[in-house]
Amino acid sequence: MRFTYCPDCGSRLSMRIIGDEGEVPYCERCKKPLFDMFSTCIIALVVNEKGEAALLRQGYLSHTWCTLVSGYMKPGEKAEEAARREIEEETGLQAEKLTFTGTYWFDKKDMLMIGFIAKCRKKDFVLSREVDGAFWVPAEQAVDLVHPGKSISRLLLDAYLEQKRKN
C-alpha cells in the first residue's frame, strides 16, 4: 500500500527525499515519512514421513491448481509460530520440524511470503472452513498439481525434491 494521505492527521502527503530511500511520501504536519506497506505471510510445504506432500484445494484461490498451506502473520508473531499455527488451523496437523527455505515476493498481491518445509506425521486431515479439500500425494507428482512456472508452491516443491535427492 502506498500512502497518499497521512493516516494520523489526514493531510495530503508530499514527496521528500529520505536518506538512501529516495523519494518517500511525507507528512509535513506530523513531520514523518510514511513508507510503503505490504502484507507478510507464510507458505509451507507440508510433507510426511513417506515423502508425500499435503496439497489443498481452496476454490477462492484457484479452481485449477492445488495450493500449499499459507496465511498472514499476526502482529508480534514470529514466522515459525505463524507457520505452525496455519498448518494446524488449515490441516489439523502438528509440524514436528520446520525448515526455512527463503523469502518470496508474490507480486500479484504485493505480499512477502516466508517459506518453510514442514515435516508432519501422516494423519487424516481436520480442515478449516477455508479449505475445500486436502490430500496426500507423492511430492514428485505434486509438481504437476500446483501452479506451474516459478510459482512459490513450485519453488518449495523443487527445494524439497532437491534436498531429498541429496539425502
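Model, not experiment: these values are computed from the prediction.

Asks: I keep staring at the packing of aromatic side chains and nothing clicks. Help me out?
Replies: Given two aromatic rings, their pairing is described by the distance between the two centres and the angle made by the two planes. Summed over all chains, the structure comprises 3 aromatic pairs. On the numbers, 5.3 Å between centres and 85 degrees between planes, the contact of F38 with W105 is edge-to-face. Here the residue F38 occupies a position in the loop between β3 (32-33) and β4 (39-47), and W105 occupies one in strand β7 (residues 97-106), the gap between them amounting to 67 residues. F38 sits in the partly exposed class, given a relative accessible area of 45%. Assessed through its relative accessible area of 43%, W105 is described here as partly exposed.

Asks: Sorry if this is basic, but what is going on with the pattern of salt bridges here?
Replies: Oppositely charged side chains can pair when the atoms bearing their charge come close. Taken as a whole and assessed by the stated rule, the structure comprises 11 salt bridges. Across the pair K32 and D8 runs a salt bridge whose closest N-O atoms are separated by 2.1 Å. Of this pair, K32 sits in strand β3 while D8 sits in the segment before β1 (14-17); the two residues are 24 residues apart in sequence, bridging distant segments of the chain. When the shortest N-O distance is used, the salt bridge between E86 and R85 registers 2.9 Å. Residue classification places E86 among the buried positions, given a relative accessible area of 6%. Residue R85 is classed as buried on the basis of its relative accessible area, which comes to 16%.

Asks: Whenever I open this one, the pairing of strand β8 (residues 111-119) confuses me. Can you help?
Replies: Along any regular strand, the residues point their side chains to alternate faces of the sheet. In terms of residue burial, β8 counts as a mostly covered element, since 7 of its 9 residues are buried. The sheet contact formed by β4 and β8 spans 9 bridges and is parallel. In the strand pairing of β8, C41 is matched with M113. Note: β7 against β8, 9 bridges, orientation antiparallel. If you follow G102 over to β8, its bridge partner there is G115.

Asks: Whenever I open this one, the side chain of N48 confuses me. Can you help?
Replies: Structurally, N48 can be placed in the loop between β4 and β5 (52-57). On the basis of relative accessible area, N48 is assigned to the buried category, the value being 4%. Separated by 2.8 Å, the side chains of N48 and E52 make a polar contact. When near neighbours in sequence (up to four residues on either side) are disregarded, N48 contacts C120, R121, K122 and W136.

Asks: Would you explain the sheet that holds strand β2 (residues 23-27) in this entry?
Replies: Sheet strands associate in pairs through backbone hydrogen bonding, adopting either a parallel or an antiparallel arrangement. Taking strand neighbours across the sheet as the criterion, the 3 strands line up as β1-β2-β3 in an open arrangement whose pairing is antiparallel. At either margin of the open sheet sits one strand with a lone partner, and together these are β1 and β3. Bridge count between β2 and β3: 2 bridges; the pairing is antiparallel. Note on β3: the bridge partner recorded for C27 is K32.

Asks: What am I meant to see in the layout of surface pockets here?
Replies: Take a probe with the size of a water molecule and roll it over the atoms, and the empty space left behind shows itself. Taken as a whole, the largest pocket encloses approximately 760 Å³ of empty space. Lining the largest pocket are 25 residues, with L61, T67, S70, F106 and K109 sitting closest to its centre. When contributions to the lining of the largest pocket are tallied by element, the ones reaching two or more residues are β4, β6 (69-72), α1 (79-91), β8 and α3 (152-166). The element best represented in the lining of the largest pocket is β6, accounting for 3 residues.

Asks: Explain the pairing of β6 to me, please; I cannot follow it from the model alone.
Replies: With burial as the criterion, only one face of β6 is covered, namely that bearing V69 and G71; the residues S70 and Y72 on the opposite face remain uncovered. Sheet topology places β4 next to β6; 4 bridges connect them, and they run antiparallel. The residue bridging I43 from the neighbouring strand is S70, located in β6.

Scoring rules and cut-offs
- Residue positions are given per chain, counting from 1 as you read along its sequence in written order.
- Confidence filtering applies because this is a predicted model: local features only for residues at pLDDT of at least 70, side-chain atom pairs given and counted only at 80 or more, and all residues used for totals across whole chains, interfaces and linings.
- Hydrogens are left out, water is left out, and the side-chain values use all remaining heavy atoms of the structure.
- The criterion for an aromatic pair is that two Phe, Tyr or Trp rings (for Trp, the six-membered ring) have centres within 6.5 Å, with stacked assigned to planes under 30 degrees apart, edge-to-face to planes over 60 apart and tilted to the rest.
- Under the DSSP-based scheme used, a helix requires at least four consecutive residues in state H or I and a strand at least two consecutive residues in state E, with every element numbered from the N terminus.
- Think of it in three bands: residues with accessible area under 20% of the maximum for their type are buried, residues over 50% are exposed, and the middle band is partly exposed, with areas taken using a 1.4 Å probe on protein chains only.
- Within this document, salt bridges are pairs made up of a side-chain nitrogen of Lys or Arg and a carboxyl oxygen of Asp or Glu, the two lying within 4 Å of each other.
- Paired strands are those between which DSSP finds at least two bridges.
- Whenever two N or O atoms come within 3.5 Å, that pair is a polar contact, provided that in protein one can donate a hydrogen and the other can accept it, and provided that, for residues adjacent in sequence, both atoms are side-chain atoms.
- Here a residue-residue contact requires only that any non-hydrogen atoms of the pair lie within 4.5 Å.
- Lining residues are defined by having an atom within 4 Å of a point belonging to a cavity or pocket. Those points lie on a 1 Å grid over the protein atoms alone, cavities being sets where a 1.4 Å probe fits but cannot get out and pockets being open sets with protein on both sides within 12 Å along at least five of seven lines.
- Grid points are joined across faces, edges and corners, and a volume is the space filled by probe spheres set on the points.

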